[in-house]
Amino acid sequence: MSTSVATGLVTNAVGRRVPTTVNGRESVPYQGIGGYRPTGHKAGSSIRSNSDYPTNGDKRVPNLETALRLCGLRDGMTISNHHHLRNGDLVALAALQTAARMGAKDLVWFPSASFPCHEPVIELMKSGAVHHIEGSMNGPLGDYCSHGHMRGLGVLRSHGGRWQAVQDGEVHIDIAVIAAPAADYFGNADGSHGKSACGSLGFALADSVYADRVIAVTDNLVPFPCIPWQIQGNNVDYVVEVDSIGDPSMIVSGTTQLTRSPDRLRIAELVARFLRDSGIMRDGFSFQAGAGGIALAFVDYLARMMKEANVKASFVRGGSTKYLVDLLNDGLIGYILDGQTFDLDAVRSIASDPRHVPTSPFTSYNFHGKGNFASMVDACVLGATEVDVHFNANVVTHSDGRLLHGIGGWQNCLFAGCTILAVPSFRDRIPVIVDEVTTITGPNELIDVIATERGIAINPKRQDLLDAVQGKGLPIRSIEEIKAEVEKICGGKPAKPRLLDNPVAVVKWVDGTVLDTVWQVVDDNPYAPKVNGGE
Amino acid sequence: MPAAAETSVARRGEAGRAGLDVRSDLHVSFEERASGGINVDLRSRVDLYYGERIRQQVRDVLRTLGVEHAHIAIIDEGALPFVIAARVEAAVRRTGLGQGMSALPEAVALPAPSARDRLRRSRLYLPGNEPKYFINAGLHAPDAVILDLEDSVPFAEKDVARLLVRNALRAVDFGAAERMVRINQLPLGLADLAEIVPQSPDLILIPKVETPDQVSDIVGAVESIAKRSNVGRPIWLMPILESALGIENAFAIAKASDRIVALTLGLEDYTADLGVAKTSGGVESLYARMRVANAAHAAHVQAIDSVYGDVADSEGLLRWGEASRAMGFEGMGCIHPIQIEIIHRAFAPTASELEKAMEIVAAYEDAQAHGLGVVSLGSKMIDAPVVQRALKLVARAKQMGTMIDPVTSGEES
């Protein structure tokens, strides 16, 4: 099966060949940071009137099938879901499988991210119910797309880019199906309460406003009003009550454990020392941290250094865990601006502490917003699958070219004052620092520091950072030097994968332009490690 | 039935590990053939990137070992080249082939030879058959790494681990760390020495020493192998005392050879010998530790403490280390890299100690310059042993790099 959905390949501003047509729509090649400024008016949902809805506010219908029928389900529609229930989500599959049972064909699935639990969507693509996916793909879904089996082109967007695509009309959502850990009959919904509590519902916010039709699915119907209403009932068409929206054990982890890996701990400590010794860690600063192994350990080291120096952060953006909550309770940070809530301590905190605030990709990431929280933080620590000597980075594909991981908020976070990629220099004999990344997901203008266990490389464009840490005893090295050392350890440069000249997906930049293309893979190594990425 | 006859006499050997929970290692299954050349059946996580190079390396190793016809099946979990060479050689040797031959990996430059009295605050134990811990061990900057062939290696894997450790001594850059190997008790330890000594380890740890004669046996073996293989660098010895008898003979053992630079003890075996429980407070081993510290100082070698087993308890480790230093020890073992920094802190002089010592040293130098026999500080006369202790402390602090910015341990307040 080949895709003829990508045509007119041109070379963009980072030197990558990208299609000018994606799934039948014209697309703009990447033009550099801030190089593309679309004009005109934002898209919107179709006009509704309250007279079309029950005056008593009760929008409940018996089941998903009824809701989808009332929403006017048709072939070719775009259905959206959200990943706040992570790998425990039951709602997305229920929505798509119900639509398929009702006979719908050629749907476009528009998730904010997919997880391994969504593997059965492959069957829906094979049967023709789903045409293609615009959203992150990994594991079996990633392999299906990477081998060119999907009928349409995959479109990978950041969380902010998803909002941008909805706002400027690139993606029109016909029906949004929102999983709600708590909801009332009017459709007000909240994520911080209930047996399937997940914290913030921020990923669903754009869809609730811009989709033509919105269905809230809940396993925890509460009396009106559901407070706080992260999703406003005024945007919701129908409410469906089900037994379960997800597997709580897969939604949040009970407790988040710090890594014991010596190498990860070393990288985390180097990153914290870098922030301290460069002067970025000062009273009133802010930072972004995720829930990955290195990012969590980094927070632990940084907190100790903040205590020692008697320094407090004004706010922290990020995926929240017990560790951030502890900092909040210890008075080391003023606020948590929460994009995603990862463990039970964080869920309890967001439900009870007014300084622990749910945010959305609109407030934090959206290109069409009048400013972003993500660009206001002083420092941000992220991972990557590959980085290259030009400081470009890859987060979506493995070195063998297969789709591995979604973009998540990664691209949006690159706009922080100092962006640090914390990565091992090689994994299982596979160098992470390479000559050219397989897929550019982040351009080098925005990547300031690459921290590895073998030393810290600073982007030559950031002379200020180079000056700031000079003589501080940090292992500052050139990226070329680290790369050469890794290649020596691994026994030479790794061979490049063979890729067909057939696009299977595109990587969008935060402004909607096409940053790079993901090509069809040829080789299938049955012994390659299985990957279960998220977002 | 020539084919059947052939398989019935074919020699087979296996080595290494593979599986979902295994990283940076490989499993090799080697089978000698009568004809047909070398057939490599490779399944590798990194096939796409290094598959061809792995196949070539395997052929090269087999040629070096004198093998011309074989079927070799490999499951590779991303092992580095020095590991691949060691596992293939081990599998071949287990068939009885390749005896007396070695397929050595490319050597990295060695650090400067180890000085007799260098710092030995922390020594990081690396299980000798777990290659994944080797490559980055030096990055954590311990004073020494110990490639362990003894307790962390199951008896059935001694031959395989020995080759892996040998290759690591050649091919892994451990940075500035002193390269130590803990061998097995004799006679197994002799086979370890035969592979290890030609690769210039800086120090050999001798387990379960109870008498000075045991040290002499090792010294004889080390010296004859070193001579045969032209090893020009010093190879020091550190006996480990792990029994009541060993503790009683501590001084005689410490004096058994000029190559001995340090004396240490193993508390698991010692407490087992006594038939008592090993506690976190360590009251049951107090005598043994004091005896070892005293014997070591009497013999002018370093006294080195055992390990602290609870990796999660950094407070406990710091307390243990500080008490250890107070008893006269100069270092201890680490079982996880996160212990290194804590141990270095524990064995560093405190800021006030250092300040005082520097004052005394300055007064001593002043007295020397003026040809005075008596050192005085203000109105107080300083006794000679106090001066000696201050000189020692300042010299050590210089080695630790704590002179300019005295380590203030921070935990005191």
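Conventions adopted
- Residues numbered from 1 in each chain as written.
- Chains lettered and ligands numbered in written order.
- Predicted model: local features only at pLDDT ≥ 70, side-chain atom pairs only at ≥ 80, totals over all residues.
- Helix = DSSP H or I, 4+ residues; strand = E, 2+ residues; numbered from the N terminus.
- Rg over C-alpha atoms; globule rule 2.2 N^0.38 Å.
- Buried ≥ 20, exposed ≤ 12 C-beta atoms within 10 Å, placed from the backbone.
- Contact = placed C-beta atoms within 7 Å.
- Domains from an automatic or database assignment.
- Nonpolar A, V, L, I, M, F, W, Y, C, P; charged D, E, K, R; others polar.
- Axes fitted to C-alpha atoms, helices over the stretch in contact; angles between N-to-C directions.
- Left-handed = near helix turned anticlockwise from the far one by under 90°.
- pLDDT = per-residue confidence, 0-100.
- Pairing = 2+ DSSP bridges.
- Core = buried A, V, L, I, M, F, W, Y, C linked by C-beta atoms within 7 Å.
- Right-handed = clockwise from strand over helix to strand, strands pointing away.

## Some remarks on the overall build of chain A
Scanning chain A for helices and strands turns up 15 helices and 30 strands. Expected size for 535 residues packed as a compact globule is a radius of gyration near 24 Å; at 23 Å, chain A falls within 12% of this value. Taking the principal axes of the C-alpha coordinates as reference, chain A spans close to 70 × 55 × 45 Å. Across the 535 residues in chain A, those meeting the buried criterion constitute 59%. The contacts of chain A with a sequence gap of at least 6 include a subset with a gap of at least 24, amounting to 73%.

## Points about the overall build of chain B
Per the secondary structure count, chain B includes 14 helices and 14 strands. Counting all 413 residues of chain B, 44% fall into the buried class. Considering only contacts in chain B between residues 6 or more positions apart, those separated by 24 or more positions represent 71%.

## Let's talk about the domain arrangement of chain A
All names here are of chain A. One can read the domain layout of chain A as domain 1 (56-134 + 171-251) and domain 2 (262-490). The centre of domain 1, based on its C-alpha atoms, is set 32 Å off from the matching centre of domain 2. Across the boundary between the two partners, domain 1 contributes 12 residues, which contact 15 residues of domain 2. Considered class by class, the residues forming the side of domain 1 that touches domain 2 number six nonpolar, six polar and no charged.

## Quick look at the packing of helix 3 (residues 81-93) of chain B against helix 4 (residues 158-171) of chain B
Residues and elements named next belong to chain B. Interhelical geometry of helix 3 versus helix 4 gives an angle of 150° and a closest axis separation of 9 Å. Relative to helix 4, helix 3 is oriented so that their crossing is right-handed. Between helix 3 and helix 4, the residues in contact are Phe-82, Val-83, Ala-85, Ala-86, Glu-89, Ala-90 and Arg-93 and Asp-159, Val-160, Leu-163, Leu-164, Asn-167, Ala-168 and Ala-171, respectively. Its residues assigned to classes, the contact of helix 3 with helix 4 shows 10 nonpolar, one polar and three charged.

## Describing the confidence of the model for chain B
Residues and elements named next belong to chain B. Averaged over every residue, the pLDDT of chain B is 92; the share at 70 or more is 95%. Taken together, the stretch residues 1-7 has pLDDT below 50 and engages in one contact with residues farther than four places along the chain or on a different chain. Across the predicted assembly, pTM comes out at 0.91 and ipTM at 0.89.

## Description of the interface of chain A and chain B
Taken together, the contact pairs 23 residues of chain A with 23 residues of chain B. Among the secondary structure elements, those contributing two or more residues to the side of chain A that touches chain B are helix 8 (262-277) and helix 15 (479-490) of chain A. Broken down by element, the residue count for the side of chain A that touches chain B peaks at four residues, all from helix 8 of chain A. A class-by-class count of the residues in the side of chain A that touches chain B yields 11 nonpolar, four polar and eight charged.

## Considering the sheet that holds strand 3 (residues 38-44) of chain B
Residues and elements named next belong to chain B. Pairing in this open sheet of four strands is mixed, and the strands run 1-2-4-3 from one edge to the other. Of all the strands in the sheet, just strand 1 (12-16) and strand 3 have a single pairing partner and so form its edges. Adjacent strand axes in the sheet meet at a mean angle of 10°, parallel and antiparallel pairs treated alike. Examined bridge by bridge, strand 3 and strand 4 (residues 70-76) share seven bridges and lie parallel to one another. Its bridge partner being in strand 4, Asn-39 is matched across the sheet by His-71.

## A short note on the sheet that holds strand 10 (residues 154-156) of chain A
Residue and element names in this part refer to chain A. Read from one edge to the other, the open sheet built from three strands follows the order 10-29-30, with strand pairing classed as mixed. Two strands close off the open sheet at either side, each with one partner strand: strand 10 and strand 30 (514-521). Taking each pair of neighbouring strands and ignoring which way they run, the sheet shows an average axis angle of 40°. For strand 10 and strand 29 (residues 499-508), the ladder comprises three bridges, and the chain directions are parallel. When the bridges of strand 29 are listed, Val-155 appears paired with Val-506. Sheet strands in contact with helix 4 (residues 139-146) are strand 10, strand 29 and strand 30, and its direction is about 130° off that of strand 29.

## Quick notes on the domain arrangement of chain B
The domain boundaries assigned to chain B delineate domain 1 (2-93), domain 2 (122-346) and domain 3 (351-400). Taken over C-alpha atoms, the centre of domain 2 of chain B sits 33 Å from the centre of domain 3 of chain B.

## As for the environment of Ser-478 of chain A
Tracing the backbone through its elements, the reader meets Ser-478 of chain A in the loop between helix 14 (463-469) and helix 15. Distance from Ser-478 of chain A to Ile-458 of chain A, taken between C-alpha atoms, is 7.2 Å for residues 20 residues apart in sequence.

## Remarks on the nonpolar core
Nonpolar side chains tend to gather and get buried jointly when the protein is soluble and globular. Counting 273 residues, the largest nonpolar core has Ile-178, Val-271 and Phe-298 of chain A as the members making the most contacts within it. Counting residues per element, this core draws most heavily on helix 3 of chain B, which supplies nine residues. Not counting residues up to four positions away in its chain, the partners in contact with Ile-178 of chain A are His-82, Ala-189, Ala-204, Asp-207, Ser-208, Val-214, Ile-215, Ala-216, Val-217 and Ile-231 of chain A. Grouped together as the second largest cluster of nonpolar side chains are seven residues, Ile-360, Tyr-364, Val-375 and Ala-397 of chain B included.

## Digging into the pairing of strand 6 (residues 144-148) of chain B
Residue and element names in this part refer to chain B. Most of strand 6 is tucked away, with five of its five residues classed as buried. What you see with strand 6 is no split at all: Ala-144, Ile-146 and Asp-148 on one side and Val-145 and Leu-147 on the other are buried throughout. Bridge analysis of strand 5 (residues 122-127) against strand 6 gives five bridges, and the strand direction is parallel. In the sheet register, Tyr-125 faces strand 6, and the bridge partner there is Ile-146. Across five bridges, the pairing between strand 6 and strand 7 (residues 178-182) is parallel.

## Re the packing of helix 13 (residues 351-369) of chain B against helix 14 (residues 384-400) of chain B
When two helices pack together, their arrangement is captured by the angle between the axes and the distance separating the axes. Residue and element names in this part refer to chain B. The contact between helix 13 and helix 14 brings their axes to 8 Å, and the two run at 115°. Taken as a pair, helix 13 and helix 14 cross one another with a handedness that is left-handed. Within the contact between the two elements, helix 13 uses Glu-353, Leu-354, Ala-357, Met-358, Ile-360, Val-361 and Tyr-364 and helix 14 uses Val-386, Val-387, Ala-390, Leu-391, Leu-393, Val-394 and Ala-397. In terms of residue class, the contact of helix 13 with helix 14 is made up of 13 nonpolar, no polar and one charged.

## Quick look at unusual backbone geometry
Both trends apply: most residues other than glycine have a negative phi, and most peptide bonds are in trans. Each neighbour pair has its own omega, and for Phe-224 of chain A with Pro-225 of chain A the value is -5°, a cis peptide bond. Locating Pro-225 of chain A in the fold gives a position in the loop between strand 14 (213-218) and strand 15 (238-241). For the bond running from Leu-186 of chain B to Pro-187 of chain B, omega is 5°, close enough to zero to count as cis. Of note in this structure, Phe-391 of chain A is not a glycine but carries a positive phi near 75°. Residue position: Phe-391 of chain A is located in the loop between strand 21 (386-388) and strand 22 (393-394).

## Remarks on helix 2 (residues 91-101) of chain A
Restricting attention to buried positions, one finds in helix 2 of chain A the residues Val-91, Ala-92, Ala-94, Ala-95, Leu-96 and Ala-99 of chain A. A positive backbone phi angle near 95° is found at Gly-103 of chain A, which sits one or two residues after helix 2 of chain A.

## Considering the pairing of strand 8 (residues 203-206) of chain B
Residues and elements named next belong to chain B. Judged by which residues are buried, strand 8 turns out to be covered on both faces: Leu-203 and Leu-205 on one side and Ile-204 and Ile-206 on the other are all buried. Across three bridges, strand 7 lies against strand 8 in parallel orientation. When the sheet's bridge partners are listed, Met-180 is paired in strand 8 with Leu-203. Viewed along the sheet, the connection from strand 7 through helix 5 (residues 188-196) into strand 8 turns out right-handed. For the handedness criterion, the β-α-β arrangement of strand 8, helix 6 (residues 212-228) and strand 9 (residues 236-241) is classed as right-handed.

## Some words on the environment of Gly-35 of chain A
Residue placement: Gly-35 of chain A occurs in the loop between strand 5 (25-26) and strand 6 (60-61). Sequence separation of Gly-35 of chain A and Asp-511 of chain A is 476 residues, and the distance between their C-alpha atoms is 9.0 Å.

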